[in-house]
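The chain contents come next:
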Amino acid sequence: MEEDKKSTAVQPEEAPKPKPRRRKAASPQPAADTPPAPTDSAEPPAADGQSTKKPAASPKKPRAKKNTKTTKTTKTAKSKTPKAAKTVKKAPADETPERKAPAQDSPVPAAPELAEPKSESKPEPPETPAREDAAAPTVPDVPSAPELPEPAERAESAGTEPEPTADAPAADNTPAAEAPPEAAAADTAVTDTPEQTGDVHADDAAEPSGLVFSDDLANDKALAAEAARMANISRTAQLSIAQIMAGLEEDPAPSAGPAPAPEAPQHDSADDEDDEPQDTIPQAHGRGVFGMFKWLLLVVLFVLIIAGGGVAWLYRSATPDMLPEVKVTFDGQELAPTAYKWHVPVVGSFFRRTYAETLNSSPVVLEDAISDASPDIIVTPSDYSTQLTITDADRETVYEGSVTGFRSYLFAENGTFDAKLVVTASDSAAEGSSSVTGTETWQFRFTVGIKPSVTLCTPTVQQGSVAAVRVGSTMSRTEPTLTGPLESTGFVRAANGWICYLPIPWNAETGNTELTVTADGYTETLTLSVRAASYSYKDYSAKSQLTSPYIGADDAPDAVRRLLTNDGGEIQWAVGGFVQPFLDSFDTPLLYGMTEYVGRSYSERSTNYGYGGRTSTNVVIRPKKSKDSMIVPASGHVLLAEDLGGSYGCTVVIDHGAGLRSIFYGLTALDVEAGDDVKQGQLLGTSGRTVVAELRIGTVPINPLLVWRGQCDGLKYY
């Protein structure tokens, strides 16, 4: 009966189960601002209004019967419990309260601490009385129910939490996350106990208890504990995400003011509690300068790209058509260039396009030989600077200088020469900085084959006169040669080359005579015409009537004969020519070419034909006055001046050059000596009663009267 009364006393509280009031659970604050719940307490929090003191021990019924009834009651409660209660019952094992703990004071294992932010830490809330004190006297030692699998609705509990009732403690002040797994399991078991479902055994009701829980109060407390746990999980997840995102930011953008440092999670070690250092003002300034430098570099790169495009277009516009045309002619022959290197302006004088090519590595050989000792070389246009170098076959330089200076150069000899001409157009010579500059080269090989001029000065001469042959300048500087029937002393130097005097004997064959002249390898044949001279003759009846003294061509003394074979020197009669050696008049009893006969018949005399006569090769002179003074007929050098005795008397030999010599016999006194250089008109000596005057070229006598009187045309060429 007493048990029925106790059951009856409990039923009025359970029968009218009012629907629990719900309010929207407070949204969890951001992880950066909401610190995790303090985990320093080892015991789970208790509901508001519950005492932490344990009730006095009371006698318990046998556990076997009570366990069976409790199991049945639990099954009945599961079917009748609202959805909110099911949600609480499905909480993880880490929030189970300590209601299943034994009544005696046993140490509860502390829950693992969660990392707390460094920046914000809330003071630990005051401990609340544990819930196990109120239920401990009435809850038997029932084995825990098997754990059910979590339904999909558990994921929604993190977003929306059931609102605890007014009688339940606030979620913000209840650190439910600190409950250990054992406490969470005990909390789940409480919701399934008979006291919450209303199915209470009479023996259990008879047990004394300090407080009586209704189903609404139990559900509200369970919902509050679940909401607190889920809020703590949400804050922990948000804090972890914030920490991960903060670690991914490598280079945060600079801000105007110092930004608050991100909160870092707490660590167990005291060395990791320092905040991450912020950028200093120099670092921020340096980062800004570096950004400005990158911007300027981008601008410069853009300008360079635009400028490079323009320069490339101008570079392609500088075509070979802009190269200058230079024309070079040498001795009338146009030359082809062998190489060139021109710089065409692209951007003023700072950037140019170069055109260079070697057209021919070997010199160009000219076909025609150079026939002039001073060939012309012409460069068009003439405002370019030039450099000409000419070398001979032995690689010796014969000329080096400009084209202008080459105009006065004379080749000294024939041969093969190599020439290199470089025409240069520089900025200083150009009119403006935009002109084309560079060089162009000509290399050519030419042969100087100058044919000397050969001239027969006297095409027609008479017997006893002189013929002259002139040869122009020779490149080999060797003396030309002349061959023919006429005797000569050879060529001597003249003003414009060489000259040779040919003495025509008094008895030379008349008609055309062939003369062959060879100079610088060229041979030329000349034709000389000899005409007969008009000579006189004398017939004597006796030899005593012959002119005396008489000195024939073969009668010259040895002292004179030796001098006739010597080579002649320079021409001395070029100044003044020849004059007769006497100042006063004189008689010529024997003329050049006159023949004296003795005892010829009348017929022979009338036809001037006969034998036995003698022909004079000199002139016998009788002055009007005895011991008349004699002068030098032409300038020369005295080879002999001495008294040879006999019919020769005082003899003088004067060399006038080119093999022409004057010989005087029969002087009574001498005013010159051997070795003297005499001038025309100079006193030579005193004549005797008869003077023999003779003029020879080499060993061949010629007519002195023609020479003294200027009637010998050949000696007028020198």
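All chains use their own residue numbering, which begins from 1 and follows the written sequence. Reporting of local features is limited, given that this is a predicted model, to residues whose pLDDT is at least 70; pairs of side-chain atoms are given and counted only at 80 or more, and all residues count toward the totals for whole chains, interfaces and linings. Side-chain figures throughout are based on the complete set of non-hydrogen atoms in the structure, without hydrogens or water.

To continue, consider the sheet that holds strand E17 (residues 511-519). When DSSP locates at least two bridges between a pair of strands, those strands are taken to pair. The secondary structure listing takes helices from DSSP runs of H or I that are at least 4 residues long and strands from runs of E that are at least 2 residues long, numbered from the N terminus. With respect to topology, 4 strands assemble into an open sheet ordered E12-E18-E17-E14, the strand pairing being mixed. The open sheet is flanked by strand E12 (460-462) and strand E14 (481-483), the only strands paired with a single partner. Sheet twist, expressed as the average angle between the axes of neighbouring strands with direction ignored, equals 30°. In terms of strand pairing, E12 meets strand E18 (residues 522-531) through 3 bridges, oriented parallel. Residue pairing across strands places Gln462 opposite Arg531, the latter belonging to E18. Helix axes use the C-alpha atoms of the stretch in contact, all axes being lines fitted to C-alpha atoms, and the angles between their N-to-C directions lie in the range 0 to 180 degrees.

Looking now at the sheet that holds strand E13 (residues 466-471). Here 4 strands make up an open sheet; going across it, the order is E11-E13-E16-E15 and the pairing antiparallel. Pairing within the sheet leaves two strands with one partner each, and these edge strands are strand E11 (454-456) and strand E15 (491-494). When strand polarity is set aside, the average angle formed by the axes of neighbouring strands in this sheet is 25°. Note: E11 against E13, 3 bridges, orientation antiparallel. Bridging from a neighbouring strand, Val454 pairs with Val471 of E13.

Stacked, tilted and edge-to-face pairs are distinguished by plane angle, under 30 degrees for stacked and over 60 for edge-to-face with tilted covering the rest, among Phe, Tyr and Trp rings (Trp via its six-membered ring) whose centres lie within 6.5 Å. Counted by the stated rule, this structure contains 19 aromatic pairs. Relative to Phe446, the ring of Phe417 has its centre 5.8 Å away and its plane inclined at 20°; by these criteria the two rings are stacked. Of the two residues, Phe417 is situated in strand E9 (residues 415-425) and Phe446 in strand E10 (residues 437-448); the sequence distance between them amounts to 29 residues. The residues Phe417 and Phe446 share a single accessibility class, namely buried. Here the aromatic rings of Tyr648 and Tyr665 are separated by 5.6 Å at their centres, their planes lie at 45°, and the arrangement is tilted. Pair noted here: Tyr648 is in the loop between strand E25 (636-643) and strand E26 (650-657) and Tyr665 is in strand E27 (residues 660-670), with a separation of 17 residues, a long-range link. The rule is simple: take the accessible area with a 1.4 Å probe, protein chains only, and divide by the maximum for that residue type; under 20% is buried, over 50% is exposed, in between is partly exposed. Since its relative accessible area comes to 1%, Tyr665 is described here as buried. By the ring-pair criterion, three or more aromatic residues cluster together here, those being Phe330, Tyr399, Phe406, Tyr409, Phe411, Phe417, Phe444 and Phe446. A ring has a charge above it when a Lys NZ or an Arg CZ is no more than 6 Å from the ring centre and no more than 35 degrees off the ring normal. Taking NZ or CZ as reference, Arg600 lies 3.7 Å from the ring centre of Tyr597, over its face.

A cluster of nonpolar residues, Met292, Trp295, Leu296, Val299, Phe302, Val303 and Ile306, forms a patch on the protein surface that exposes about 710 Å² of accessible area. Looking at where Val299 falls in the secondary structure, it is placed in helix H10 (residues 281-317). Given a relative accessible area of 35%, Val299 falls into the partly exposed group. Patch members must show over 30% relative accessible area and no salt bridge, and they are joined within 9 Å when carrying like charges or within 5 Å when they are nonpolar side chains of Val, Leu, Ile, Met, Phe, Trp or Tyr. Computed with the Shrake-Rupley method and a 1.4 Å probe, the accessible areas treat only the protein chains shown as cover for residues. One side-chain nitrogen of Lys or Arg within 4 Å of one carboxyl oxygen of Asp or Glu is enough to make a salt bridge.

Further remarks concern the pairing of E13. The buried count for E13 comes to 5 of 6 residues, which makes it a mostly enclosed element. Inspection of the sheet shows E13 paired to strand E16 (residues 497-503) by 6 bridges, in the antiparallel sense. Bridging from a neighbouring strand, Ala467 pairs with Leu502 of E16.

Another point: the environment of Ser465. In this fold, Ser465 is placed in the loop between E12 and E13. Judged by its relative accessible area of 6%, Ser465 falls in the buried class. In sequence terms Ser465 and Leu715 are 250 residues apart; their C-alpha atoms lie 9.1 Å from each other. Residues contacting Ser465, with those up to four places away along its chain left out, are Leu502, Pro503, Ile504, Ile702 and Cys712. Only heavy atoms matter for contacts: two residues are in contact if any of them lie within 4.5 Å across the pair.

Attention now moves to the environment of Val403. Along the chain, Val403 turns up in helix H11 (residues 403-406). Between the C-alpha atom of Val403 and that of Val379, which follows or precedes it by 24 residues, the distance is 8.0 Å. In contact with Val403, other than residues within four places in its own chain, are Ile377, Val379, Thr386 and Leu421.

Let us look at the pairing of strand E6 (residues 377-380). Here E6 shows a clear split, with Ile377 and Val379 buried on one side and none of Ile378 and Thr380 buried on the other. Both strand E1 (residues 327-330) and E6 contribute to a ladder of 4 bridges, which runs antiparallel. Note on E6: the bridge partner recorded for Phe330 is Ile377.

Once that is clear, we can look at the side chain of Asp520. Relative to the elements of secondary structure, Asp520 occurs in the loop between E17 and E18. Charge counting treats Lys and Arg as positive and Asp and Glu as negative, with His and both chain ends excluded. Buried and without a salt bridge, Asp520 has Arg493 as its closest oppositely charged side chain, separated by 9.1 Å. If we ignore the near neighbours within four places in the chain, the residues touching Asp520 are Asn414, Ile450, Pro452, Ser473, Thr474, Met475, Ser476, Arg477 and Thr478.

So, on to the confidence of the model for the protein chain. Every residue is assigned a pLDDT by the predictor, reflecting its confidence on a scale from 0 to 100. The pLDDT averaged across the protein chain works out to 73; a share of 64% of its residues lies at or above 70. Here residues 1-214 is a poorly scored stretch, pLDDT under 50, and it has 322 contacts once near neighbours within four places are set aside; other chains count. Scored below 50 in pLDDT, residues 251-262 shows 5 contacts in the model against residues more than four places distant or in partner chains.

Quick look at the nonpolar core now. To qualify as a nonpolar core, a set must consist of buried Ala, Val, Leu, Ile, Met, Phe, Trp, Tyr and Cys residues joined through side-chain atoms within 4.5 Å. Within the largest apolar cluster, 39 residues are counted, with the highest numbers of intra-cluster contacts made by Tyr501, Trp573, Leu660, Leu667, Leu684 and Leu715. Sorting the residues of this core by element identifies E13, E16, strand E23 (619-623), E25, E26, E27, strand E29 (683-697) and helix H14 (704-708) as the ones contributing at least two each. No other element matches the 5 residues that E29 contributes to this core. Here Leu684 is in contact with Met630, Ile631, Val632, Val652, Ile654, Phe664, Leu667, Leu670, Asp671 and Val672, once residues within four sequence places are set aside. Counting residues in each nonpolar core, the second largest holds 36 residues, with Ala419, Leu421, Ala425 and Phe444 among its members.

So, on to the pattern of salt bridges. Under the counting rule described, the total for this entry stands at 10 salt bridges. The partner of Asp418 in a salt bridge is Arg395, and the shortest N-O contact between them spans 3.2 Å. Of the two residues, Asp418 is situated in strand E9 and Arg395 in the loop between strand E7 (385-391) and strand E8 (397-401); the sequence distance between them amounts to 23 residues. What makes Arg395 exposed here is its relative accessible area of 61%. Arg445 is paired through a salt bridge with Asp418; the nearest N and O atoms lie 2.6 Å apart. With a gap of 27 residues between them, Arg445 in strand E10 and Asp418 in strand E9 connect regions that are remote in the sequence. Residue classification places Arg445 among the partly exposed positions, given a relative accessible area of 31%. Taking the relative accessible area as the measure of exposure, Asp418 reaches 14% and is therefore buried.

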